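Residue-level structure breakdown
Residue strings, one per chain:
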Amino acid sequence: HSAESDAAGSGTAPALVYVAMLMLKGFALLNWDDITEAAPALLCALTMAFTFSIADGIAFGAIAFVTLNLAAGRRQQIGWPVALIASVFVLKYVLS
């Protein structure tokens with residue numbers, strides 16, 4: 001445990017709290033009865049909280065959204081920007 005890791009954590013914590021507050025407003029609008037909508041949002045928020053990384057949270061949320069909608073046969077729900085972002089993140093995680 002080093003002073004650098006403490007400094008990095010204290011620098012990112014306020015940004016994560018701010019993003020969490022913005023996301024909470026969106027959570028109220030979610031259709032919690034639709035697993036293809038609710039699960040990716042929840043995974044996104046939890047990943048951000050436990051990894052201290054907004055980028056990883058977005059990545060896991062996008063990947064989950066695409067995966068769940070494909071599995072549910074709802075390909076038309078997936079916009080090309082989300083599919084592109086999810087694909088790039090999958091490549092990042094596979095190749096790293």
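To be clear, the structure that these remarks concern was listed above.
About the cut-offs
- Residues numbered from 1 in each chain as written.
- Predicted model: local features only at pLDDT ≥ 70, side-chain atom pairs only at ≥ 80, totals over all residues.
- Heavy atoms only, no water.
- Helix = DSSP H or I, 4+ residues; strand = E, 2+ residues; numbered from the N terminus.
- Buried < 20%, exposed > 50% of the residue type's maximum accessible area, 1.4 Å probe, protein only.
- Salt bridge = Lys/Arg side-chain N within 4 Å of Asp/Glu carboxyl O.
- Axes fitted to C-alpha atoms, helices over the stretch in contact; angles between N-to-C directions.
- Parallel < 35°, antiparallel > 145°, perpendicular 65-115°, else oblique.
- Left-handed = near helix turned anticlockwise from the far one by under 90°.
- Contact = heavy atoms within 4.5 Å.
- Nonpolar A, V, L, I, M, F, W, Y, C, P; charged D, E, K, R; others polar.

Below, the discussion takes up unusual backbone geometry. At Phe52, a residue that is not glycine, the phi angle is positive and equals roughly 55°. Inspection of the secondary structure puts Phe52 in the loop between α2 (35-51) and α3 (54-71). On the basis of relative accessible area, Phe52 is assigned to the exposed category, the value being 54%.

Moving on, we come to the pattern of salt bridges. Evaluation of the coordinates by the stated rule reveals one salt bridge. We note a salt bridge from Arg74 to Asp34, for which the minimum N-O separation is 3.1 Å. Of this pair, Arg74 sits in the loop between α3 and α4 (80-95) while Asp34 is found in the loop between α1 (3-29) and α2, placing the two residues 40 residues apart along the sequence.

Right, let's get into the packing of α2 against α3. Remark: α2 packs on α3, axes separated minimally by 7 Å, with the N-to-C direction vectors making an angle of 160°. As the angle between them shows, α2 and α3 are arranged roughly antiparallel. The chirality of how α2 crosses α3 is right-handed. Side by side, α2 and α3 meet where Ile35, Thr36, Ala39, Pro40, Leu43, Cys44, Thr47, Met48 and Thr51 of the first sit next to Ile54, Asp56, Gly57, Ile58, Phe60, Gly61, Ala64, Phe65, Leu68 and Asn69 of the second. For the contact of α2 with α3, the class distribution of residues is twelve nonpolar, six polar and one charged.

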